[in-house]
There are 2 protein chains.
Amino acid sequence: MSENVTAQEGVLRELRILIASGQLEPGQQVVQDSLAASLGVSRVPLREALKVLEGEGQVTYHPHRGYFVADLSIDDLVEVYRIRSLLEDEAIRVGVPLLTDEDVEYLEDILNDVEAAAKSQDVSAVTAANRRFHFALFEASNMPRLVRLIKNQWDATDAYRGVYFAAPTNLAHMNQEHRTMVAALRARDVEKSVALQAAHRENSVSVVSQVIKKP
Amino acid sequence: MSENVTAQEGVLRELRILIASGQLEPGQQVVQDSLAASLGVSRVPLREALKVLEGEGQVTYHPHRGYFVADLSIDDLVEVYRIRSLLEDEAIRVGVPLLTDEDVEYLEDILNDVEAAAKSQDVSAVTAANRRFHFALFEASNMPRLVRLIKNQWDATDAYRGVYFAAPTNLAHMNQEHRTMVAALRARDVEKSVALQAAHRENSVSVVSQVIKKP
DNA sequence: CATGTGAAGATTGTATCCAATCCTTGGAGC
DNA sequence: GCTCCAAGGATTGGATACAATCTTCACATG
C-alpha cells in the first residue's frame with residue numbers, strides 16, 4: 001500500500017472516507033479540535049486538508065465559524081451530473097481516437113479486476129476498480145486539467161454513491177455495460193462510447209437521487 | 001471597498017495579484033518564510049491560501065519541497081480554453097433563456113462601466129468590469145458550481161492576459177463585441193450569444209498565446 | 001574524473017500557545 | 001412574556017517554536 005509522505009495527505013484521505021461513509025454527516029460542523037485529536041494530528045494539517053475539500057465543494061467554509069460538511073440538494077446533484085456529462089463527453093471524444101491497442105488491453109485488465117471484486121462481493125474494491133477503469137479512459141484524452149475536474153465531480157457525490165454497488169443486480173448490469181463499452185472502444189466508436197458512458201451516469205444519478213430524497 | 005474578514009483572505013488576494021502581475025514568476029518556488037514576512041503575516045495563513053491556489057492549478061505542490069508558481073505551456077493554455085468553452089457554452093445556453101429584462105438592463109449598466117473605464121484608459125478597471133459583465137451573464141444560468149469552474153479557468157490565465165486591454169484597438173473591438181452580444185441577449189438568441197462569447201474567447205487565446213510564446 | 005557520502009544550512013511540516021471571534025446562557029428591564 | 005445585553009465558554013484564526021526533510025557542497029574514495 002502507498003504510504004503517506006505527509007500527515008496532511010493521510011488526513012485528507014481519512015476525511016474523504018469520513019464524509020463518504022457519512023460518519024461526518026452533511027450539514028454538520030467540523031469541529032477541528034476534536035476531529036484533529038481523533039485523527040491523531042494537530043489542527044494545522046487538518047485545516048489545510050479542509051481547505052482542499054473546500055475547493056472541491058465537499059465542505060463549506062464560513063470565516064470565524066468553521067467548516068461544515070456540504071450537503072447536496074437535488075439541484076446540486078443535477079448540476080454536478082450536468083457538469084460531469086460536459087466534461088466526460090469531451091474526455092471521451094478526445095481520448096477514444098487516441099487509444100492504443102495497449103490502452104484497450106489495459107482497460108480490459110482493469111475490468112477483470114472489477115469482475116473479480118464483484119465475484120467476491122467486495123464492494124469497496126468494486127468501487128475502486130470501477131473508478132480506475134473510467135479514469136484510465138478519461139486520461140487517454142491527455143487533458144490532465146479536464147481529468148482533475150471530472151475527479152472533483154465524482155468526489156462530490158462519493159458520499160452518496162456507496163449504496164449502488166451493494167445490489168448484485170446492479171453489479172451484473174455494470175459488468176455488462178463495461179464489456180459493451182470496451183467493445184465500442186476497441187472499434188474506436190466515439191459516439192457509442194459517449195452514449196454508453198452517459199447511460200452509466202444515468203444509472204448513477206438515479207440511484208444517488210433516491211438516496212438524497214429519503215431523509 | 002470590502003474589508004477582509006480574515007488575514008488569509010487578504011493573503012489570497014495579494015497572492016493572486018503577485019502571480020497575475022508576474023512578480024512571482026512562473027516556475028519559481030514560493031519560499032514561505034520570506035513571502036509571509038513580506039506580506040506581514042505568519043506562514044499559517046499563507047500556506048492555507050497556497051492550498052486554495054493549488055486547488056485552482058495556480059501553483060503546484062511537491063511534498064517537502066514546497067509550492068511553485070505554475071507556468072502554462074501552450075498545451076495547458078489550449079486545454080484551459082477548451083474547458084472554458086465547454087463550460088461557458090453551457091452557462092450561456094442555460095442562462096440566456098432565463099434572463100429577465102432587468103438582468104439585461106443590469107448587463108448594460110456594466111457595459112457602461114466598461115466603456116467609461118476604457119475612455120479613461122484605466123486598464124485594471126476595464127479588466128475588472130469586463131469580468132463582471134461576463135460573469136453576470138454566466139450567473140444567469142443559476143449553476144453556481146459551473147460558474148465557479150469557469151472562474152477557475154479565467155484565473156488560470158489571468159497572469160498572461162494583462163496585456164490585452166492595453167491596446168486601444170482591442171478595447172474598441174471589445175466594446176463593439178459587447179454591444180452586439182447584448183443585442184443577442186435581448187433577443188434571447190442563444191446560439192448567437194454562444195457564438196459571440198466564443199469569438200471573445202478566441203481573441204483572448206490568441207493574445208495570451210503570443211505572450212506565452214515569447215520567452 | 002566520476003561517484004558516493006556526510007554534515008551544515010535552508011526550507012517545509014507539525015505541534016503548541018495565545019488572541020480574536022462567535023455562540024450560548026442567564027438575567028435585567030420593559 | 002419579550003427583548004436586549006453582558007459574561008462565560010467554545011471555537012476558530014494566527015504566531016511562534018521545534019521537528020522532519022531536502023538541498024547543497026565539500027571531501028573522500030574508487
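Just so it is clear, the model here is predicted, and its values are computed rather than measured. (Residues numbered from 1 in each chain as written. Chains lettered and ligands numbered in written order. Predicted model: local features only at pLDDT ≥ 70, side-chain atom pairs only at ≥ 80, totals over all residues. Heavy atoms only, no water.)

Asks: Teacher, can you tell me more about the domain arrangement of chain A here?
Replies: When the parts come together, some accessible area is lost, and that loss is often what is quoted as the size of the interface. Residues and elements named next belong to chain A. Examined at the domain level, chain A breaks down into domain 1 (7-69) and domain 2 (74-213). The C-alpha-based centres of domain 1 and domain 2 are spaced at 27 Å. Taken together, the contact pairs 6 residues of domain 1 with 6 residues of domain 2. Contact with domain 2 buries surface across domain 1, with Ala-20, Glu-56 and Gln-58 losing the most and accounting together for 71% of the total. In this assembly, domain 1 and domain 2 are joined by 1 salt bridge. Among the salt bridges present, the one from Asp-155 reaches Arg-16, with a minimum N-O distance of 3.6 Å. Partitioned by chemical class, the residues of the side of domain 1 that touches domain 2 number 3 nonpolar, 1 polar and 2 charged. (Domains from an automatic or database assignment. Contact = heavy atoms within 4.5 Å. Buried area = accessible area lost by both parts, 1.4 Å probe. Salt bridge = Lys/Arg side-chain N within 4 Å of Asp/Glu carboxyl O. Nonpolar A, V, L, I, M, F, W, Y, C, P; charged D, E, K, R; others polar.)

Asks: I'm lost on the packing of aromatic side chains in this one. Help?
Replies: The final tally for this structure, using the stated rule, is 7 aromatic pairs over all chains. Geometrically, the ring pair formed by Phe135(B) and Phe138(B) is edge-to-face, given 5.2 Å between the ring centres and 90° between the ring planes. Note that Phe135(B) and Phe138(B) are positioned in helix 6 (residues 123-139) at a spacing of 3 residues, about one turn of the helix. Residue class for Phe135(B) comes out buried when judged on its relative accessible area of 5%. Where Phe138(B) meets Trp154(B), the ring centres are 6.5 Å apart and the plane angle is 75°; that geometry is what we call edge-to-face. With Phe138(B) in helix 6 and Trp154(B) in helix 7 (residues 144-161), the pair connects residues that are 16 residues apart, well separated along the chain. In this structure Trp154(B) comes out as buried when scored by relative accessible area, which is 3%. An aromatic cluster is built from Phe135(A), Phe138(A) and Trp154(A), whose rings are joined through pairwise contacts. If you follow Lys51(B) out to its NZ or CZ, it ends over the ring of Tyr61(B), 4.0 Å from the centre. (Phe/Tyr/Trp six-rings, centres within 6.5 Å; stacked < 30°, edge-to-face > 60°. Helix = DSSP H or I, 4+ residues; strand = E, 2+ residues; numbered from the N terminus. Buried < 20%, exposed > 50% of the residue type's maximum accessible area, 1.4 Å probe, protein only. Lys NZ or Arg CZ within 6 Å of the ring centre and 35° of its normal.)

Asks: When you look at the protein's contact with DNA strand D in this model, what are you seeing that I'm missing?
Replies: Taken together, 20 residues are adjacent to DNA strand D, and Arg47(A), Tyr61(A), Ala7(B), Ser42(B) and Arg65(B) come closest. The protein-proximal atoms of DNA strand D, defined as those within 4 Å of the protein, are 74% sugar or phosphate. Here a phosphate oxygen of DNA strand D sits 3.0 Å away from a polar atom, N or O, in the main chain of Val30(A). A distance of 3.2 Å separates a phosphate oxygen of DNA strand D from a polar atom in the backbone of His64(A). Listed by contribution, the elements that provide at least two residues to the surface near DNA strand D are strand 1 (29-30) and helix 3 (43-55) of chain A together with helix 1 (7-20) and helix 3 (43-55) of chain B. Residues that form the surface near DNA strand D fall into these classes: 8 nonpolar, 8 polar and 4 charged. (Near = heavy atom within 4 Å. Polar contact = N/O pair within 3.5 Å; in protein donor to acceptor, adjacent residues only side chain to side chain.)

Asks: Looking at this model, I keep getting lost on the protein's contact with DNA strand C. Mind explaining?
Replies: Looking at DNA strand C, there are 20 residues lining it, with Ala7(A), Ser42(A), Arg65(A), Arg47(B) and Tyr61(B) nearest. Counting only atoms of DNA strand C within 4 Å of the protein, the fraction found in sugar and phosphate groups is 71%. At 3.3 Å from a phosphate oxygen of DNA strand C is found a main-chain nitrogen or oxygen belonging to Gln8(A). Between a phosphate oxygen of DNA strand C and a side-chain N or O atom of Arg65(A), the distance comes to 2.6 Å. Looking at the surface near DNA strand C, the elements with two or more residues in it are helix 1 (7-20) and helix 3 of chain A together with strand 1 (29-30) and helix 3 of chain B. Looking at the surface near DNA strand C, its residues break down into 8 nonpolar, 8 polar and 4 charged.

Asks: Can you walk me through the sheet that holds strand 2 (residues 59-62) of chain A in this structure?
Replies: By definition, the strands of a sheet pair up through backbone hydrogen bonds, in either a parallel or an antiparallel sense. Residues and elements named next belong to chain A. Taking strand neighbours across the sheet as the criterion, the 3 strands line up as 1-3-2 in an open arrangement whose pairing is antiparallel. The open sheet is flanked by strand 1 and strand 2, the only strands paired with a single partner. Two strands pair when backbone bridges link them, and strand 1 and strand 3 (residues 66-69) are joined in this way by 2 bridges, in the antiparallel orientation. When the sheet's bridge partners are listed, Gln-29 is paired in strand 3 with Phe-68. (Pairing = 2+ DSSP bridges.)

Asks: How do you make sense of the packing of helix 2 (residues 32-39) of chain A against helix 3 of chain A when you look at a structure like this?
Replies: Two quantities define a packed helix pair, namely the angle between the axes and the distance from one axis to the other. All names here are of chain A. Where helix 2 contacts helix 3, the axes come no closer than 9 Å and their chain directions differ by 105°. On the basis of their axis angle, the class for helix 2 and helix 3 is roughly perpendicular. In this structure, helix 2 uses Gln-32, Asp-33, Leu-35, Ala-36 and Leu-39 to contact helix 3, whose residues at the interface are Arg-43, Leu-46, Arg-47 and Leu-50. Class assignment for the residues of the contact of helix 2 with helix 3 results in 5 nonpolar, 1 polar and 3 charged. (Axes fitted to C-alpha atoms, helices over the stretch in contact; angles between N-to-C directions. Parallel < 35°, antiparallel > 145°, perpendicular 65-115°, else oblique.)

Asks: Help me understand the interface of chain A and chain B, please; the structure alone is not making it clear to me.
Replies: The partner chain B presents 31 residues to the 32 residues of chain A that form the contact. Of the roughly 2,800 Å² buried between chain A and chain B on both sides combined, carbon and sulfur atoms contribute 56%. At the junction of chain A and chain B, the tally comes to 6 salt bridges. Glu48(B) is the salt-bridge partner of Arg47(A), the closest N and O atoms lying 2.7 Å from each other. Counting every contact that joins chain A to chain B gives 14 residue pairs in polar contact (both at pLDDT 80 or more). Contributing elements (two or more residues each) for the side of chain A that touches chain B: helix 3, helix 4 (74-95) and helix 7 (144-161) of chain A. It is helix 4 of chain A that contributes the most residues to the side of chain A that touches chain B, 8 residues altogether. Among the residues making up the side of chain A that touches chain B, the classes are represented as 15 nonpolar, 6 polar and 11 charged.

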